[in-house]
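Structural characterization, general
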Amino acid sequence: MITFKHVTKSYEDGTKAVDSLNFTIEKGEFFVLIGPSGCGKTTTLKMVNRLIERTSGEITLNGKDIQDYDIHELRWDIGYVLQQISLFPHMTIGENIAVVPELKKWDKNKVNKRVEELLVMVGLDPDRYRHKKPSELSGGEQQRIGVARALAADPALILMDEPFSALDPISREKLQEDMLHLKRAIHKTIIFVTHDIQEALKLGDRICVMKEGAIEQIGTPHDILHAPVNSFVSGFIGVHRGLPKEPAIAEYMERGPILAEEAASLNKIPVDADFSEALNLLLNHESIAIVDAGAIIGTLSRKDVIRLLANQQSGGGAVRG
Ligand code: ADP
Ligand code: MG
């Protein structure tokens, strides 16, 4: 269905966001891209619907170079779900879901039926939800609408970029379960980006582990767990498995409100993100903002982490390598 051949994206400043990627995704496959922040997951995804143009190499969809498709047709035929779904605030839920079918000029009846069917599919009662505005929905419900909207015109391919990572753990789990059902019901080809190995193992038919713009390993969840090809992959699984016990951001952050100005300048991370994600950010930043359900609830600084490490050294608890 999709083939990447020696695909590279480099920026003018010399950054190679991805470097000579090679892989093929089969029709109906649930393909997960995973790796630390900045390894090139989003770039890989966005090159498929040409939100980012590759620098070199070849990407084919059903045997045809994506460059040879009409760009609008290409985008309409590829569903796209983002971490923080942006629904049109002045439109109803029904209208939001119907955007692409409307662009494709489906007739009214067909659109209405489709909206109803999709709301049922993502677990929301059509009578209750289709006339609501996005602001009347919780974060989890909005993400569901995002999924419904991406499926609306029945695309053969769906791209999902950390679609559940901004949600609280309970909504997240619920949406993962729904995704499993959906996957069995609709047989779509899905490329799904996450930095959460549990999510990858749960949902993926195959998992592609990336590091610094390159592929470290592609394999089934079983392969990745039982036959990691190198220490990066095993380390990545190990850290995310939480063995030895991984600290939680919530335990070490400084809770409390921060100034709007300061908030704007800080990198943000969900409170339930993996601690290793926070550490990655703190390599380059003195402090980061911690977000829960869309709101900043505090900060985590390099000092907080050093204090944590110092305590572990002296307290003898599980020290992570
Ligand atoms: P991920 O989604 O895995 O976190 P991205 O694909 O967003 O990573 O980014 C990959 C790399 O490309 C990062 O090092 C990022 O800083 C870099 N990058 C992304 N956009 C640009 C840009 N416009 N100019 C320069 N570098 C960029
Ligand atoms: Mg990304």
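In this report, the structure presented in the accompanying data block is examined.

**What about the side chain of Thr60?**
- Secondary-structure assignment places Thr60 in strand E4 (residues 56-61).
- In contact with Thr60, not counting residues within four places along its chain, are Met1, Ile2, Thr3, Asp65 and Ile66.

**What to know about the environment of Val111**
- Tracing the backbone through its elements, the reader meets Val111 in helix H5 (residues 108-121).
- Note: C-alpha distance between Val111 and Leu281 (170 residues apart in sequence) is 44 Å.

**Considering the site of ligand 1**
- All residues in the neighbourhood of ligand 1 are listed as Tyr11, Asp13, Thr15, Ala17, Pro36, Ser37, Gly38, Cys39, Gly40, Lys41, Thr42 and Thr43.
- Between Gly40 and ligand 1, the recorded distance is 3.0 Å, taken from a backbone N or O atom to an oxygen atom.
- In isolation ligand 1 exposes 570 Å². Once the protein is present, 61% of that is buried.
- Class assignment for the residues of the shell around ligand 1 results in 4 nonpolar, 6 polar and 2 charged.

**With respect to the pattern of salt bridges**
- In this structure the tally under the stated criterion is 20 salt bridges.
- Salt-bridge contacts for Glu286 lead to Arg302; the nearest nitrogen and oxygen are separated by 3.5 Å. In this pair, Glu286 sits in the loop between helix H14 (275-284) and strand E13 (287-292) while Arg302 sits in helix H15 (residues 302-315), placing the two residues 16 residues apart along the sequence.
- With a relative accessible area of 30%, Arg302 lands in the partly exposed category.
- When salt bridges with common partners are traced through the structure, they connect Arg114, Glu117, Asp154 and Lys188 into a single cluster.

**Digging into the packing of H5 against helix H7 (residues 139-151)**
- Contact geometry of H5 with H7 gives a least axis separation of 9 Å together with a crossing angle of 135 degrees. Overall, the two elements H5 and H7 adopt an arrangement that is oblique. Crossing geometry of H5 relative to H7 is assigned as right-handed. Residues Arg114, Leu118, Leu119 and Met121 of H5 form the contact with H7, whose participating residues are Ile145, Ala148 and Leu151.

**Side note on the packing of H7 against helix H8 (residues 169-186)**
- Two numbers describe how H7 lies on H8: the axes approach to 11 Å, and their chain directions differ by 20 degrees. Taken together, the axes of H7 and H8 lie roughly parallel to each other. The crossing of H7 and H8 is right-handed. Here Gly140, Gln143, Arg144, Val147 and Leu151 of H7 lie close against H8, whose contacting residues are Lys174, Leu175, Asp178, Leu182 and Ile186.
- Split into classes, the residues belonging to the contact of H7 with H8 amount to 5 nonpolar, 2 polar and 3 charged.

**Digging into the sheet that holds strand E11 (residues 254-255)**
- With mixed pairing, 4 strands are arranged side by side in an open sheet as E11-E14-E13-E12. Looking at the sheet topology across the chains shown, the edges are occupied by E11 and strand E12 (268-270).

**Digging into the pairing of strand E9 (residues 206-211)**
- Here strand E3 (residues 30-34) runs beside E9; their pairing, made up of 4 bridges, is parallel. In the sheet register, Ile34 faces E9, and the bridge partner there is Val209.
- Two strands pair when backbone bridges link them, and E9 and strand E10 (residues 214-219) are joined in this way by 5 bridges, in the antiparallel orientation. What sits directly across from Val209, in E10, is Gln217.
- The turn linking E9 back onto E10 is made up of 2 residues, and Glu212 within it adopts a positive phi angle of 45 degrees.

**Some points on the pairing of strand E14 (residues 295-301)**
- Summarising the sheet, E11 and E14 pair through 2 bridges and their orientation is antiparallel. Directly across from Glu254, in E14, lies its bridge partner Thr299.
- Joining the antiparallel neighbours E13 and E14 is a turn of 2 residues, in which Ala293 adopts a positive phi near 50 degrees.

What counts, and at which threshold
Residues numbered from 1 in each chain as written. Chains lettered and ligands numbered in written order. Predicted model: local features only at pLDDT ≥ 70, side-chain atom pairs only at ≥ 80, totals over all residues. Heavy atoms only, no water. Helix = DSSP H or I, 4+ residues; strand = E, 2+ residues; numbered from the N terminus. Contact = heavy atoms within 4.5 Å. Near = heavy atom within 4 Å. Polar contact = N/O pair within 3.5 Å; in protein donor to acceptor, adjacent residues only side chain to side chain. Areas by Shrake-Rupley, 256 points an atom, 1.4 Å probe, with all protein chains shown as cover. Nonpolar A, V, L, I, M, F, W, Y, C, P; charged D, E, K, R; others polar. Salt bridge = Lys/Arg side-chain N within 4 Å of Asp/Glu carboxyl O. Buried < 20%, exposed > 50% of the residue type's maximum accessible area, 1.4 Å probe, protein only. Axes fitted to C-alpha atoms, helices over the stretch in contact; angles between N-to-C directions. Parallel < 35°, antiparallel > 145°, perpendicular 65-115°, else oblique. Left-handed = near helix turned anticlockwise from the far one by under 90°. Pairing = 2+ DSSP bridges.

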